[in-house]
Amino acid sequence: VVAERSVEQHRSSALLLDLVQEALAEAGIGVQDLGGVTALRGPGSFTGLRIGLATALGLHQALGVPATALSTLQALAASVDVESGIVVAAVDALRGEWSAQAFAAGGVPRPLGEMELVAGPELPRLAGGAPDAIVGFGVSRLAALPGWPAGIRLVEPGALAPAAAHLAAAAETEWNPQLLVAPIYSRPPAVSVPRQRAAAVRE
């Protein structure tokens, strides 16, 4: 990582392009010098994810450079200094629930199952009850839950740029711009499918 910027989450979408410009200026390059573009695809909030992914897609289409989107959960798992064992990465989905996934720790964390939406007390279950670490923004408050197991390491990550850059450079990473139009949301859309109406019968 040669340059990075971060701001409070509630301001990040409005300032995204300014932050990109600042980071490029600090690195001493222009957008035409980029060799690729990537973004985190979630899980996360609807608006933030779509703005980030659309910005990366726009750069990809305008510049003709390779592009892809990375799992936010895998980036969280990669940000923890655990060389072996199991790490549970979690994103707060509100309402007391977390979008979470277990990973085998390592240079490129390997998923051990699919992402699940679980209540906070259930997070250790994703690792068979005893993860080596649970990582995510806000996970430190889990320690206050009644009956929370003692000894589970709760990690509040810093900026995810170094972990994302590491994953982007890994040989296993699939550079596929179609992933930029496949966001992962924290919870399913709150919509109801319309019921089919019975055809009117006329006599």
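In short, a report on the structure. Just so we're clear, the structure is a prediction, and the values are computed from it rather than from any experiment.

Moving on to the overall build of the protein. For the protein, the helix and strand inventory stands at four helices and eight strands. Reading the protein from its N end, one meets helices and strands in the order α-β-α-β-α-β-β-β-β-β-β-α. Along the three orthogonal principal directions, the C-alpha set of the protein runs to about 70 × 65 × 30 Å. In the protein, the proportion of contacts linking residues at least 24 apart, taken out of those at least 6 apart, comes to 59%. For the protein, the exposed surface amounts to about 11,900 Å²; the carbon and sulfur share of it is 54%. Of the charged side chains in the protein, 13 are positive and 18 negative, and the gap between their average positions amounts to 13 Å.

The subject of this paragraph is helix α4 (residues 161–169). When α4 is considered as a whole, its buried residues turn out to be Ala163, Ala164, Leu167 and Ala168. Along α4, the residues classed as buried sweep out an arc of 135° about the axis, all on the same side.

Turning to the packing of aromatic side chains, a few remarks are in order. For the structure shown, the criterion picks out one aromatic pair. With a centroid separation of 5.3 Å and 25° between ring planes, the pair formed by Phe46 and Tyr185 is classed as stacked. Linking Phe46 in helix α2 (residues 46–63) with Tyr185 in the segment after α4, this pair joins segments that are 139 residues apart in sequence.

The volume enclosed by the second largest pocket comes to roughly 200 Å³. If you trace the second largest pocket, you find it lined by Arg41, Thr68, Ala69, Leu70, Ser71, Gln74, Val108, Leu167, Glu172, Thr173, Glu174 and Leu179. Sorting elements by how many residues they give to the lining of the second largest pocket places strand β2 (residues 67–70) first, with three residues. Residue composition of the lining of the second largest pocket, by class: five nonpolar, four polar and three charged.

Moving on, we get to α2. The terminal C-alpha atoms of α2 lie 26 Å apart, and with 18 residues this matches the ideal 26 Å at 1.5 Å per residue to within 8%. Those residues of α2 lying buried are Leu49, Leu53, Thr55, Ala56, Leu57 and His60. Positive backbone phi, approximately 70°, marks Gly64, located one or two places after α2.

Conventions and cut-offs
- Residues numbered from 1 in each chain as written.
- Predicted model: local features only at pLDDT ≥ 70, side-chain atom pairs only at ≥ 80, totals over all residues.
- Heavy atoms only, no water.
- Helix = DSSP H or I, 4+ residues; strand = E, 2+ residues; numbered from the N terminus.
- Contact = heavy atoms within 4.5 Å.
- Areas by Shrake-Rupley, 256 points an atom, 1.4 Å probe, with all protein chains shown as cover.
- Lys, Arg positive; Asp, Glu negative; His and termini not counted.
- Charge placed at Lys NZ, Arg CZ, Asp CG, Glu CD.
- Buried < 20%, exposed > 50% of the residue type's maximum accessible area, 1.4 Å probe, protein only.
- Arc of directions from axis to C-beta.
- Phe/Tyr/Trp six-rings, centres within 6.5 Å; stacked < 30°, edge-to-face > 60°.
- 1 Å grid on protein atoms, 1.4 Å probe; cavity = no way out; pocket = protein on both sides within 12 Å on 5 of 7 lines; lining within 4 Å.
- Points joined across faces, edges and corners; volume = space filled by probe spheres on them.
- Nonpolar A, V, L, I, M, F, W, Y, C, P; charged D, E, K, R; others polar.
- Expected span 1.5 Å × (residues − 1).

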